[in-house]
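Letter by letter, the chains look like this.
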Amino acid sequence: MARRDDAPKFHRLLSLFLNEHLPVRRKSSDKTIRSYRQSIKQFAAWNREQRGVRFDHMGFGDLSRDVVYDFLVWLRDERGLSPQTLNLRLSAIKAFLRFCGEEDVELAGLYLSVSSIRPFKGSKSPGIEFLEPKQLKELFAEPDASTKLGRRDRFLMILAYESGARMQELIDLTCGCVQERGGHITLRVHGKGDKVRIVPLASQAVEHLDAYLSEFHPHPAPEDWLFFTVHGGMHTKMSPGTVDHLLKKYASAIHGRDPSFPENLHAHMLRHSVATAMYRAGSPIPYIQDFLGHADPSTTMVYAHADGSAIANAVEAASQRIAAPIATAEKRWKGKEQYLLELCGLA
């Protein structure tokens, strides 16, 4: 990923904020400074792991309202953080951007934009957002299946649900990731921390996959992106923004007819939906954790791992709840990045 043009300004202002503004000008307490530093470190780590943006490449474009909001939603849904903690993270980012706006008037608009994010409300243990079977059927039926784009969008949403893949994992898939193992069609999913997991697909999902491949990849090469956009006649990797746009487009249309349908649909909601369906179908928690590739790195618990057939049966049971008609390795941080982390007080 190309380095942001404003990256030097971002790092300079962040260093000034944490090392001079808070302790010297504001005379903030050690507790406040630690809290702000922790919040920004977590935001930087999330950008690296979820968006592929290393700290030494970060710029103010990585602090847009949408990016900050997605970070907070991830903390809530993936990490299960309470509204109080989410609001602490939001306050730290707002405080930094307010300082940046005071130092550089061109950044004032960015602060105002992020300030429009409302504080999170609710209990200390917020529930996971997911779609019920009826809502999933509505969503999968929403794209216009008479058009090629509609058929692509429908399959993308079906596979996001059936595979439980994170957004980045989904768009990182290539045709070579589709494999047959032990009589099951599987996806080789490259997840966080350079970990690979094998995800079996239910028979119903395989039918959709076959139809998609025959139309979009009649002569597939292993390195071809499974989901792509066309630029200059070339197939290019689909961006997270494209996935986000299509999910919100279809969700907004359904919401207009049915206000109970969530308007701000995101890929993680589909991931949580299949996990919820598997749990309701009686799948043991370790199977679901294995299927999602989702384990808290801070835990010391040793998880039991299910074999491929057991996971496949669990996915099959979850898939039967929905009936729809057919129509790169992570790089290690370089020394320069570590230097910038230390300079900004985040190391």
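Note that the structure is predicted; figures quoted are calculated from it, not measured.

Describing the sheet that holds strand β1 (residues 178-181)
Item 1. Pairing is antiparallel in the open sheet, where 3 strands are placed in the order β1-β2-β3. Of all strands in the sheet, those bounded by a partner on one side alone are β1 and β3 (196-200). When strand polarity is set aside, the average angle formed by the axes of neighbouring strands in this sheet is 40 degrees.
Item 2. Where strand β2 (residues 184-190) meets β3, 5 bridges bridge the pair, whose relative direction is antiparallel. Counterpart to histidine 190 in the pairing with β3 is valine 196.

A closer look at unusual backbone geometry
Item 1. One non-glycine residue with positive phi stands out, namely lysine 27, at about 50 degrees.
Item 2. Mapped onto the elements, lysine 27 comes out in the loop between α1 (7-25) and α2 (30-51).
Item 3. On the accessibility criterion, lysine 27 (68% relative accessible area) is exposed.

A word on the confidence of the model for the protein chain
Item 1. Averaged over all residues, the pLDDT of the protein chain equals 83, while 81% of them reach at least 70.
Item 2. Mean pLDDT across the elements of the protein chain bottoms out in helix α13 (residues 308-319) (62) and peaks in helix α7 (residues 148-163) (96).
Item 3. Below pLDDT 50 for its whole length, residues 296-307 participates in 8 contacts with residues either more than four positions away or in separate chains.
Item 4. Between residues 328-334, whose pLDDT stays under 50, and residues either more than four places distant or in other chains, the model counts 11 contacts.

Notes on the packing of aromatic side chains
Item 1. The final tally for this structure, using the stated rule, is 17 aromatic pairs.
Item 2. Between phenylalanine 17 and tyrosine 36 the ring centres are 6.1 Å apart and the planes differ by 10 degrees, which places this aromatic pair in the stacked class. Of this pair, phenylalanine 17 sits in helix α1 while tyrosine 36 sits in helix α2, and the two are 19 residues apart along the sequence. Each member of the pair, phenylalanine 17 as well as tyrosine 36, is classed as buried.
Item 3. A ring pair is formed by phenylalanine 60 and phenylalanine 96, whose centres lie 6.4 Å apart and whose planes are at 15 degrees; its orientation type is stacked.

Quick look at the side chain of histidine 217
Item 1. Within the secondary structure layout, histidine 217 lies in the loop between α9 (203-216) and β4 (228-231).
Item 2. According to the relative accessible area criterion, histidine 217 is buried, its value standing at 6%.
Item 3. The residues touching histidine 217, leaving out its near neighbours within four places in the chain, are Cys175, Tyr212, Asp224, Trp225, Leu226 and Phe228.

Side note on the packing of α2 against helix α3 (residues 65-77)
Item 1. The interhelical angle for the contact between α2 and α3, taken along N-to-C directions, is 95 degrees, at an axis separation of 11 Å. Between α2 and α3, the angle falls in the class roughly perpendicular. Here Ser39, Gln42, Phe43, Trp46, Asn47, Gln50 and Arg51 of α2 come into contact with α3, specifically with Val67, Val68, Asp70, Phe71, Trp74 and Leu75.
Item 2. When the residues that make up the contact of α2 with α3 are grouped by side-chain class, the tally is 7 nonpolar, 4 polar and 2 charged.

Quick look at the pattern of salt bridges
Item 1. Counted under the stated rule, the structure contains 15 salt bridges.
Item 2. Across the salt bridge formed by arginine 151 and glutamate 215, the nearest N and O atoms sit 2.6 Å from each other. Placement of the pair is arginine 151 in helix α7 and glutamate 215 in helix α9, with a sequence separation of 64 residues.
Item 3. Taking the relative accessible area as the measure of exposure, glutamate 215 reaches 28% and is therefore partly exposed.
Item 4. Put simply, aspartate 153 and arginine 152 hold a salt bridge, and the shortest N to O gap is 2.7 Å. One exposure class covers both aspartate 153 and arginine 152, and it is buried.
Item 5. Here the residues in one salt-bridge network are Glu20, Arg25 and Glu103, joined through shared partners.

The rules behind the values
- Residues numbered from 1 in each chain as written.
- Predicted model: local features only at pLDDT ≥ 70, side-chain atom pairs only at ≥ 80, totals over all residues.
- Heavy atoms only, no water.
- Pairing = 2+ DSSP bridges.
- Helix = DSSP H or I, 4+ residues; strand = E, 2+ residues; numbered from the N terminus.
- Axes fitted to C-alpha atoms, helices over the stretch in contact; angles between N-to-C directions.
- Buried < 20%, exposed > 50% of the residue type's maximum accessible area, 1.4 Å probe, protein only.
- pLDDT = per-residue confidence, 0-100.
- Contact = heavy atoms within 4.5 Å.
- Phe/Tyr/Trp six-rings, centres within 6.5 Å; stacked < 30°, edge-to-face > 60°.
- Parallel < 35°, antiparallel > 145°, perpendicular 65-115°, else oblique.
- Nonpolar A, V, L, I, M, F, W, Y, C, P; charged D, E, K, R; others polar.
- Salt bridge = Lys/Arg side-chain N within 4 Å of Asp/Glu carboxyl O.

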